[in-house]
Amino acid sequence: MENIVYIDEIDIKNKTLLIRVDFNVPLDQNGNITDDTRIRAVLPTVNYCLDENAKIVLISHMGRPKGNKVPELSLIVVAKRLSRLLDKDVKFVNDCIGELAENTVKSASYGDIILLENLRFYSEETNNDEEFGKKLASLCDIYVNDAFATAHRSHASNVSVTKFVKTCAAGFLIRKELNYFTRAIESPMKPFVAIVGGAKVSGKIEVLSNFADKVDKLIIGGAMSNTFLKAMGYDVGSSLVEDDMIEYAKKTLEKIKEKNIKLYLPVDVVVADRFTPDAETKVTTVQEIPKGWMALDIGPATVTLFTEAIQNAKTIVWNGPMGVFEFDAFSRGTFALVSSVANAYALTIVGGGDTDVALHRAGEFAKMSYVSTGGGAFLELLEGKKLPGIEALINCSKKNNLKKLL
Ligand code: AMP
């Protein structure tokens, strides 16, 4: 990503910065923030800008209000939390464009922080509307993107806006995400092990194809492994299987063999007689899944096998849980593997979907080398795709010859 300009490569002193962040934090029923990881993740960028005496205008989305002003999805709760984390006043403006936003930005001093209201209260945001992007751009001297988790979307606040500003830069979170990704996927220390789980093969076809060209070992768990087991001729009872993916699974198995990749699939599973937290359960080998029962977690022998397989790994990338970890009865496999990965002497990178939730619940978050803040964005990088939010930054810098000026 050598074409990206980062915030510490340009002069931001006494400038007004519009920073796209991802403050899409989870809220409980009473509207309280239940996990502020995403707010903390951009503090290095915000603190750096404060040190440089810039005027900071933060923009973000929260949830899916679909163009409506939904009070429950107001960013005001984030303004309060951010203010507490920084021990500094954060001015909250209950609109993200228009007179109120413009006047507040104009009248603020350098060194102030302003947070504008949820971008998605306007459908123009998700429609990547150019006029909306232009209005956002008019608020600043410099545009900064540090919202890695939304970099896979083409929205006005990360794509259109870049067409109307002279200077664009990426923040430190994006730098960290891209650096770890490059270390893991583009130049991994070998042996390189990928662990893929979760519900659907169909959602991760491209990830699997991309991995099949790069990894030394591939571990597949979760419901996804059922489709592979069925493709190999096992009877997986009433387990979740994507029948239309069987042919794809067969082809993937052939490719993996051709490339000499070592494949690990479950050898035993925790089966249940129904999909409920209080279902009757037992552990069986994959050869003996009873009719009408479904595999909802990997079994203890599989945990030992997978743990053994990652022992000599130097790089581990993990996406997707090993079972229905949301139910206690089927969470053991995922949590046991979390602990194996956490204790491995490897660069361990986890991200995408619910995997980070599992890490938090297992209490091992801090032991991973890196946990990506971007679910979908991380997955798309794993698929080998280009992210529109990152491409827009590169194009903006190219257009304005920014890289040459450095
Ligand atoms: P994904 O978004 O594809 O990473 O899938 C995550 C979801 O997969 C989680 O909500 C898990 O409950 C679910 N999952 C994992 N293993 C199984 C399984 N064996 N059967 C049904 N669902 C599963």
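Summary of the structure given here.

Rules behind the numbers
- Per-chain numbering applies: the sequence of each chain, read as written, is numbered from 1 onward.
- Predicted model: local features are reported for residues with pLDDT of at least 70 only, side-chain atom pairs are reported and counted for 80 or more only, and whole-chain, interface and lining totals are derived from all residues.
- Where side-chain values are given, they derive from all heavy atoms of the structure, hydrogens and water being excluded.
- Nonpolar cores were defined as sets of buried Ala, Val, Leu, Ile, Met, Phe, Trp, Tyr and Cys residues, with membership established by side-chain atoms within 4.5 Å.
- Throughout this description, buried means an accessible area under 20% of the type-specific maximum (1.4 Å probe, protein chains only), exposed means over 50%, and partly exposed covers the range between.
- Secondary structure elements are taken from DSSP: a helix is a run of H or I of four residues or more, a strand is a run of E of two residues or more, and numbering for both begins at the N terminus.
- Segmentation of the chain into domains, including their bounds, is taken from an automatic or database domain assignment.
- Contact between two residues is taken to exist if any of their heavy atoms lie within 4.5 Å; hydrogens are not considered.
- If even one non-hydrogen atom of a residue comes within 4 Å of a molecule or strand, that residue is called near it.
- Whenever two N or O atoms come within 3.5 Å, that pair is a polar contact, provided that in protein one can donate a hydrogen and the other can accept it, and provided that, for residues adjacent in sequence, both atoms are side-chain atoms.
- Methods summary: accessible areas were calculated by the Shrake-Rupley approach with a probe of 1.4 Å, and residue burial reflects only the protein chains presented.
- Working definition: a disulfide is two cysteine sulfur atoms within 2.5 Å of each other.
- What makes two strands pair is DSSP finding at least two bridges between them.
- Between N-to-C directions, angles span 0 to 180 degrees; the directions come from axes that are lines fitted to C-alpha atoms, helices contributing only their stretch in contact.

A short note on the nonpolar core
Membership of the largest hydrophobic core comes to 115 residues, with the highest contact counts inside it found for Phe23, Leu58, Phe211 and Leu218. Top element by residues in this core is helix H7 (residues 172-186). It accounts for 8 residues. In this structure, this core is formed jointly by two domains, domain 1 (7-174 + 386-399) and domain 2 (190-345), each of which donates at least three residues. Sequence-distant contacts of phenylalanine 23, that is, excluding residues within four places in its chain, are made with Arg38, Ile39, Val42, Leu58, Ser60, His61, Met62, Leu75, Val78, Leu82 and Leu115. Val193, Tyr264, Phe306 and Trp318 belong to the second-largest nonpolar core, a separate cluster that totals 23 residues.

Some points on the site of the ligand
As a structural note, the neighbourhood of the ligand is formed by 15 residues, with Ala199, Lys204, Ala223, Ala295 and Glu326 the closest of them. Between lysine 204 and the ligand, the recorded distance is 3.0 Å, taken from a side-chain N or O atom to an oxygen atom. One of the backbone nitrogen or oxygen atoms of alanine 223 is found 3.2 Å away from a nitrogen atom of the ligand. Considered on its own, the ligand offers 510 Å² of accessible surface; in the complex 81% of this is hidden by protein.

Quick notes on the state of the cysteines
This model, assessed by the stated rule, comprises 1 disulfide. Sulfur of cysteine 49: no disulfide; nearest cysteine sulfur belongs to cysteine 140 and is 12 Å away. As a non-bridged cysteine, cysteine 96 has cysteine 140 as the owner of its nearest cysteine sulfur, 13 Å distant. Take cysteine 96: its relative accessible area is 1%, and that puts it in the buried class.

Considerations on the sheet that holds strand S12 (residues 294-298)
Strand pairing in a sheet relies on backbone hydrogen bonds, with the paired strands running either antiparallel or parallel. Read from one edge of the open sheet, 3 strands run S11-S10-S12, paired in antiparallel fashion. In this open sheet, the two edge strands, each paired with only one partner strand, are strand S11 (281-285) and S12. Strand-to-strand twist in this sheet, taken as the mean axis angle between neighbours without regard to direction, amounts to 40°. Two strands pair when backbone bridges link them, and strand S10 (residues 268-272) and S11 are joined in this way by 5 bridges, in the antiparallel orientation. Across the sheet, valine 270 pairs through a bridge with valine 283, a residue of S11. Its contacts with the sheet place helix H11 (residues 300-310) against S10, S11 and S12, and it is angled at close to 45° to S12.

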